[in-house]
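Secondary and tertiary structure notes
Here is how the chains run, residue by residue.
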Amino acid sequence: MDDLNPLAGTAHLLEEVDKKLMVLLRDGRTLIGYLRSVDQFANLVLQRTIERIHVGNEYGDIPRGVFIIRGENVVLLGEIDREKEQKLPLKEISVDAILDAQRREQEQRQEKHRLVSKALKERGLAVNADIINEDFC
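Residues numbered from 1 in each chain as written. Predicted model: local features only at pLDDT ≥ 70, side-chain atom pairs only at ≥ 80, totals over all residues. Heavy atoms only, no water.

Looking up the chain in an unreviewed UniProt entry gives the name U6 snRNA-associated Sm-like protein LSm1, with the organism given as Drosophila grimshawi. Of the chain, the UniProt comment under Sequence similarities (unreviewed entry) reads exactly: "Belongs to the snRNP Sm proteins family." The chain has a UniProt comment under Subunit (unreviewed entry) that states "Interacts with SLBP; interaction with SLBP occurs when histone mRNA is being rapidly degraded during the S phase. LSm subunits form a heteromer with a donut shape." (UniProt positions renumbered as here; feature names shortened; annotations may be inferred.)

Looking at the nonpolar core
Note that soluble globular proteins tend to have their nonpolar side chains buried in a common cluster. Core analysis: the biggest nonpolar cluster contains 12 residues, these being Leu-13, Leu-21, Val-23, Leu-25, Leu-31, Leu-35, Val-38, Ala-42, Leu-44, Leu-46, Phe-67 and Ile-69. For this core, the elements supplying multiple residues, two or more each, are β1 (20-25), β2 (30-38), β3 (44-55) and β4 (58-69). Not counting residues up to four positions away in its chain, the partners in contact with Val-23 are Arg-29, Thr-30, Leu-31, Leu-44, Leu-46, Ile-69, Val-74, Leu-76 and Leu-77. Counting 6 residues, the second-largest nonpolar core is a separate cluster that includes Ile-53, Ile-62, Ile-93 and Ala-101. (Core = buried A, V, L, I, M, F, W, Y, C linked by side-chain atoms within 4.5 Å. Buried < 20%, exposed > 50% of the residue type's maximum accessible area, 1.4 Å probe, protein only. Helix = DSSP H or I, 4+ residues; strand = E, 2+ residues; numbered from the N terminus. Contact = heavy atoms within 4.5 Å.)

Examining the pattern of salt bridges
The full count for this structure, using the stated rule, is 11 salt bridges. For Asp-61, the salt bridge is made with Arg-52, and the minimal N-O distance between the two is 2.7 Å. The class for Asp-61 is buried, based on a relative accessible area of 17%. Exposure remark for Arg-52: the relative accessible area of 12% places this residue in the buried category. For Arg-104, the salt bridge is made with Asp-100, and the minimal N-O distance between the two is 2.5 Å. Separated by 4 residues within a single helix, Arg-104 and Asp-100 lie in helix α2 (residues 95-122), roughly one turn from each other. Classification of Arg-104 by relative accessible area gives partly exposed; the value is 41%. Judged by its relative accessible area of 30%, Asp-100 is partly exposed. Beyond isolated ion pairs, a larger network of salt bridges with shared partners links Asp-100, Arg-103, Arg-104 and Glu-107. (Salt bridge = Lys/Arg side-chain N within 4 Å of Asp/Glu carboxyl O.)

Observations concerning the pairing of β1
In terms of strand pairing, β1 meets β2 through 5 bridges, oriented antiparallel. Its bridge partner being in β2, Lys-20 is matched across the sheet by Tyr-34. Connecting β1 to the next strand, β2, in antiparallel fashion are 4 residues, including Gly-28 with a positive phi near 95°. Of the pairings in the sheet, the one linking β1 to strand β5 (residues 74-79) comprises 5 bridges and is antiparallel in character. Looking at the pairing, Leu-24 lines up with Leu-76 of β5. (Pairing = 2+ DSSP bridges.)

A word on the sheet that holds strand β6 (residues 91-92)
Taken in spatial order, the 6 strands of this open sheet run β5-β1-β2-β3-β4-β6, and their pairing is mixed. Among the strands making up the open sheet, the edge pair consists of β5 and β6. The strands touched by α2 within the sheet are β3 and β4, with β3 carrying the most contacts at an inclination of about 60°. (Axes fitted to C-alpha atoms, helices over the stretch in contact; angles between N-to-C directions.)

Notes on the pairing of β2
For β2, the buried fraction is high: 7 of the 9 residues fall into the buried class. Relative to β3, β2 is paired through 7 bridges, and the arrangement is antiparallel. Residue Tyr-34 lies in a different strand from β3, and its bridge partner there is Gln-47. Between the end of β2 and the start of β3, which pair antiparallel, lie 5 residues, with Ala-42 showing a positive phi angle near 65°.

This is the structure in structure tokens:
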């Protein structure tokens, strides 16, 4: 056992219980809530959870309540610094407005993808959706 980190693996998450955390999921969603429970598989229970959606420099929060997260779906987890949270350089907007902005952003991304695919086909290149990402758009 390491002297600097007496808790190894998921046991280290026990130190985060009752703290406000941000969790990034594999599907791209961002959740913010208070960690209430964790198990040996890193499954998490968040309370007073919100789903935060970012579009540009705006964000909106959707209340989700108690949220159970399977450990394998967690990409990133970190404690929220309350002082910095109050000084966000982002503008909060309504849920309806952020969902509308998110829809428009997704439509723009799909249109760029369609144009890139069309340009590749016109040049005789096979289109592989796995390699066309935001780097090409």
